[in-house]
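Understanding the architecture of this molecule
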Amino acid sequence: MLINRSAALRCSPHQALHAAKKRTKRLRHGRVDRCGERTRLLDILAQLFDGNAVKVVPIHAELTTQEAADILNVSRPHLVKLLEDGQLAFHRTGKHRRVRFADLIAFKERRDEASQLAMEALAQQAQELGMGYE
């Protein structure tokens, strides 16, 4: 999509990614800019090129508790506890819990941000105490 097929066949995955990034950079300064879409596509390509698995899920999808737990990389019982404590929105389909993908991603972003802030606070404290983490 970002580079032609024959060029992609002649170069390594990393060269193809580099070419796509260069093309995206040029297009940002042009008439049409779909930067968000290109950034997501480049992130997907980078993950694939690094050998990681990628799963594309519609934003309005509803996930089982096991699927949601897998995305958060936690156990299913821990996820159920988060649901029952009201930390993550869900609804019931019969007796089964379902989590909207959009709600799960919003929760994950909040959790990751809180984790980053805690790490920064710990690093600051270590520097103030002179613990050798300069």
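See the structure printed just above.
So, here's what we can say about the structure. Remember, it's a predicted structure, so these values are computed and weren't measured experimentally. (Residues numbered from 1 in each chain as written. Predicted model: local features only at pLDDT ≥ 70, side-chain atom pairs only at ≥ 80, totals over all residues. Heavy atoms only, no water.)

Considerations on the sheet that holds strand β1 (residues 62-63)
Adjacent strands of a sheet form backbone hydrogen bonds with each other and so pair up, either parallel or antiparallel. Short version of the rule: Criterion used throughout: strands pair if DSSP finds at least two bridges between them. Helix and strand definitions follow DSSP, with helices as H or I runs of at least four residues and strands as E runs of at least two, each counted in order from the N terminus. Contacts: residue pairs with any heavy atoms within 4.5 Å of one another. In this analysis, axes come from line fits to C-alpha atoms, helices being fitted only over the stretch in contact, and the angle between any two N-to-C directions falls in the range 0 to 180 degrees.
One open sheet holds the three strands; their spatial order is β1-β3-β2, and the pairing between them is antiparallel. One side of each edge strand has no neighbouring strand; the edge strands of this open sheet are β1 and β2 (91-93). Relative to strand β3 (residues 96-100), β2 is paired through three bridges, and the arrangement is antiparallel. Bridged to R92 within β3 is R97. Helix-sheet contacts for helix α6 (residues 101-128) involve β1 and β3, and the interaxial angle to β3 is about 70°.

With respect to helix α4 (residues 65-72)
Applicable threshold: For every residue, the accessible area obtained with a 1.4 Å probe (protein chains only) is divided by the maximum for its type, and the residue is called buried under 20%, exposed over 50%, and partly exposed between those limits. This arc is taken over the directions from the axis of the helix to the C-beta atoms.
Buried within α4 are the following residues: T65, A68, A69 and L72. Axial view of α4: buried residues confined to an arc of 100°, hence all on one face. The inward-facing, buried residues of α4 abut β1, α5 (76-84), β3 and α6. Two residues or fewer past α4, N73 is found with a positive phi of approximately 60°.

As for a nonpolar patch on the surface
We apply this condition: Residues enter a patch when their relative accessible area is above 30% and they make no salt bridge; the linking distance is 9 Å between like charges and 5 Å between nonpolar side chains (Val, Leu, Ile, Met, Phe, Trp, Tyr). Methods summary: accessible areas were calculated by the Shrake-Rupley approach with a probe of 1.4 Å, and residue burial reflects only the protein chains presented. Between Lys or Arg on one side and Asp or Glu on the other, a salt bridge is scored when a side-chain nitrogen of the former is within 4 Å of a carboxyl oxygen of the latter.
On the surface, a cluster of nonpolar side chains totalling about 330 Å² of accessible area is made up of I44, L48, V54 and V56. Relative to the assigned elements, I44 resides in helix α3 (residues 35-49).

Structural notes on unusual backbone geometry
Positive phi is not limited to glycine here, since N73 has a value of about 60°. Checked against the element boundaries, N73 lands in the loop between α4 and α5.

What about the pattern of salt bridges?
Summed over all chains, the structure comprises six salt bridges. Between E84 and R97 there is a salt bridge, and its shortest N-O distance comes to 2.8 Å. Pair noted here: E84 is in helix α5 and R97 is in strand β3, with a separation of 13 residues, a long-range link. Judged by relative accessible area, which is 43%, E84 ranks as partly exposed. Linking R100 and D103 is a salt bridge whose minimum nitrogen-to-oxygen distance equals 3.3 Å.

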